[in-house]
Amino acid sequence: MREFGFDSTTAEVIAGQDLSGRVALVTGASAGLGVETARTLAGAGATVWLLARDRAKLDTTLATLQAESLPGRLESALLDLADLDQVRTAAAQLLDTCPRIDLLVNNAGVMACPHAETAQGFEMQLGTNHVGHFLFTGLLLPALKAAAAEGREARVVNLSSAGHRFSAFDFEDPNYRQRPYDKWQAYGQSKTANVLFSVALDARTRDSGVRAFAVHPGAISTELGRHMDSDDMARIAASFPGGKMAFKSIPQGAATSVWAATAPELEGRGGLYLEDCHVADLADADSSGGVQPWAVDPAAAERLWLLSERWVYGGEA
Ligand SMILES: NC(=O)c1ccc[n+]([C@@H]2O[C@H](COP(=O)([O-])OP(=O)(O)OC[C@H]3O[C@@H](n4cnc5c(N)ncnc54)[C@H](OP(=O)(O)O)[C@@H]3O)[C@@H](O)[C@H]2O)c1
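About the thresholds
- Residues numbered from 1 in each chain as written.
- Predicted model: local features only at pLDDT ≥ 70, side-chain atom pairs only at ≥ 80, totals over all residues.
- Heavy atoms only, no water.
- Phe/Tyr/Trp six-rings, centres within 6.5 Å; stacked < 30°, edge-to-face > 60°.
- Helix = DSSP H or I, 4+ residues; strand = E, 2+ residues; numbered from the N terminus.
- Buried < 20%, exposed > 50% of the residue type's maximum accessible area, 1.4 Å probe, protein only.
- Lys NZ or Arg CZ within 6 Å of the ring centre and 35° of its normal.
- Pairing = 2+ DSSP bridges.
- Contact = heavy atoms within 4.5 Å.
- Axes fitted to C-alpha atoms, helices over the stretch in contact; angles between N-to-C directions.
- Parallel < 35°, antiparallel > 145°, perpendicular 65-115°, else oblique.
- Left-handed = near helix turned anticlockwise from the far one by under 90°.
- Nonpolar A, V, L, I, M, F, W, Y, C, P; charged D, E, K, R; others polar.
- Core = buried A, V, L, I, M, F, W, Y, C linked by side-chain atoms within 4.5 Å.
- Near = heavy atom within 4 Å.
- Polar contact = N/O pair within 3.5 Å; in protein donor to acceptor, adjacent residues only side chain to side chain.
- Areas by Shrake-Rupley, 256 points an atom, 1.4 Å probe, with all protein chains shown as cover.
- Salt bridge = Lys/Arg side-chain N within 4 Å of Asp/Glu carboxyl O.

Draft legend 1. Spotlight on the packing of aromatic side chains. All chains considered together, the criterion is met by 8 aromatic pairs. Here the aromatic rings of Phe166 and Trp184 are separated by 5.9 Å at their centres, their planes lie at 85°, and the arrangement is edge-to-face. Highlighted residues: Phe166 in the loop between β5 (154-159) and α6 (183-205) and Trp184 in helix α6, separated in sequence by 18 residues. Arranged with centres 5.5 Å apart and planes meeting at 80°, the rings of Tyr176 and Tyr181 form a pair that is edge-to-face. Taking relative accessible area as the criterion, Tyr176 reaches 7% and is therefore assigned buried. Taken together through their ring pairs, the aromatic side chains of Phe134, Phe197 and Trp305 make up a single cluster. Here the basic side chain of Arg179 rests over the ring of Tyr176, its NZ or CZ set 3.7 Å away from the ring centre. Residue placement shows Lys248 over the ring face of Phe6; its charged tip is 4.9 Å from the ring centre.

Below, the structure written as structure tokens:
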């Protein structure tokens, strides 16, 4: 029985696994955890599509990984989650090229940015972290189901965060039209949405062999902190036990995503929130680990699913 924890790395989690013949997509693969996740999956033989919004950063990442001579094939495509029209274009192109998708890692994210809206008028963190991924995943479902129909589970991994504890999902005012914008509360809401999406998606697709997981990767120094100032750092650190944040390296941070995408231990399971390469416990209100009950509530998950469908297919923002 494999045992992993806080310190486990991508290399340890993927050891002994052969992903040749499998197709994986990683969003936000131009920085941080996305690059390491893509590297690890390609290192195990998968064909990996690097998806990102910035062509120059994407080309640099592609060239870096190609120089590593990984056994899996590497491809790249533009994906801007903050524009649903572009998400539709990207998904259509990918479906043309990839009739089967085994693994989709919805990794891209923005955190605590100043107030802004996506092209269709969603609050930027909600729009990028949840709404864009909701549409992208929905459009790719035929290819995920086609992969699962061949007898192996297909998996969708949604990067959430322990920051989901900053906020439940506010169904009354998700886009901050009636309440003042709070960048951390908005991040928390979007990361709660990532867990609720995993719960509702898994409930809908488990019978066709497509399983969904939400992941908290840990605290890792990446470009995600680009909007943080020293007050933000102090406030976040203070919310951890003893006022200290325990940081992970990037290979440790991406390990839970890779575990979620590939672990044989998770076969037949889904709709779960994972941290430190294990299934998290339900958290109480004071704990910094675990998953808050509001993020795994099936009724809230269903409500967010229906709202998100209206948003992306009904043109409502
Ligand atoms: N690092 C942590 O401590 C931590 C903790 C908890 C959860 N997470 C989660 O882990 C995930 C990865 O974070 P990270 O630390 O690797 O952050 P990162 O280094 O900032 O990478 C984020 C990636 O998302 C991309 N992205 C941002 N907006 C996008 C958009 N509109 N369309 C497409 N791609 C977009 C970024 O592209 P650009 O390069 O163009 O900006 C980048 O490739 C995020 O979902 C984050 O919330 C991270």
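Draft legend 2. Region of interest: the sheet that holds β5. Reading across the sheet, the 8 strands line up as β3-β2-β1-β4-β5-β6-β9-β10 and stay open at both edges, with mixed pairing between neighbours. Of all strands in the sheet, those bounded by a partner on one side alone are β3 (74-78) and β10 (278-279). Looking at chain direction, strand β2 (residues 47-52) and β3 are connected through 5 bridges and run parallel. The residue of β3 that forms the bridge with Ala52 is Leu78. Contacts between α6 and the sheet are confined to β4 (103-106), β5, β6 (210-216) and β9 (272-275), with β6 contributing the most and set at about 160° to the helix.

Draft legend 3. The arrangement of the packing of helix α4 (residues 84-97) against helix α5 (residues 124-148) in detail. Relative orientation of the contacting elements α4 and α5 amounts to 20°, with a least axis distance of 10 Å. Between α4 and α5, the crossing angle belongs to the class labelled roughly parallel. Relative to α5, α4 is oriented so that their crossing is right-handed. Listed contacts from α5 to Leu84, Val87, Arg88, Ala91, Leu94 and Leu95 of α4 are Val131, Gly132, Leu135, Phe136, Leu139, Leu140 and Ala143. When the residues that make up the contact of α4 with α5 are grouped by side-chain class, the tally is 11 nonpolar, 1 polar and 1 charged.

Draft legend 4. Spotlight on the nonpolar core. Core analysis: the biggest nonpolar cluster contains 46 residues, and Leu25, Phe136 and Phe169 have the highest contact counts within it. Of all elements in the fold, only β1 (23-27), β2, α4, α5, β5, α6, β6 and α10 (298-313) reach the threshold of two or more residues within this core. Considering each element in turn, this core owes the most residues, 10 residues, to α5. Val35, Ala38, Leu50 and Ala52 belong to the second-largest nonpolar core, a separate cluster that totals 36 residues.

Draft legend 5. Representation of the site of the ligand. With respect to spatial proximity, 31 residues lie near the ligand, and among them Ser30, Lys57, Tyr187, Ile220 and Thr222 are the closest. Between an oxygen atom of the ligand and a main-chain N or O atom of Gly28, the distance comes to 3.2 Å. Between the ligand and Gly109, the relevant distance is 3.2 Å, taken from an oxygen atom to a main-chain nitrogen or oxygen of the residue. The fraction of the free accessible surface of the ligand (900 Å²) that becomes covered by protein chains is 96%. For the shell around the ligand, the elements supplying multiple residues, two or more each, are α2 (32-43), α6 and β7 (219-220). A breakdown of the residues in the shell around the ligand according to their chemical character gives 13 nonpolar, 11 polar and 7 charged.

Draft legend 6. Broad picture of the pattern of salt bridges. Across all of its chains, the model carries 21 salt bridges by this definition. A salt bridge links Arg39 to Glu68, with the shortest nitrogen-to-oxygen separation between them at 2.9 Å. With Arg39 in helix α2 and Glu68 in the loop between α3 (55-66) and β3, this residue pair connects regions lying 29 residues apart in the sequence. You can call Arg39 partly exposed: its relative accessible area is 24%. For Glu68, a relative accessible area of 33% corresponds to the partly exposed category. Members of the salt-bridge network, linked through shared partners, are Arg22, Arg100, Asp102, Glu150 and Arg152.

Draft legend 7. View of the side chain of Ser30. Take Ser30: it is sitting in the loop between β1 and α2. Leaving out residues up to four positions away in the same chain, Ser30 has contacts with Val35, Ala52, Lys57, Leu58 and Thr61.

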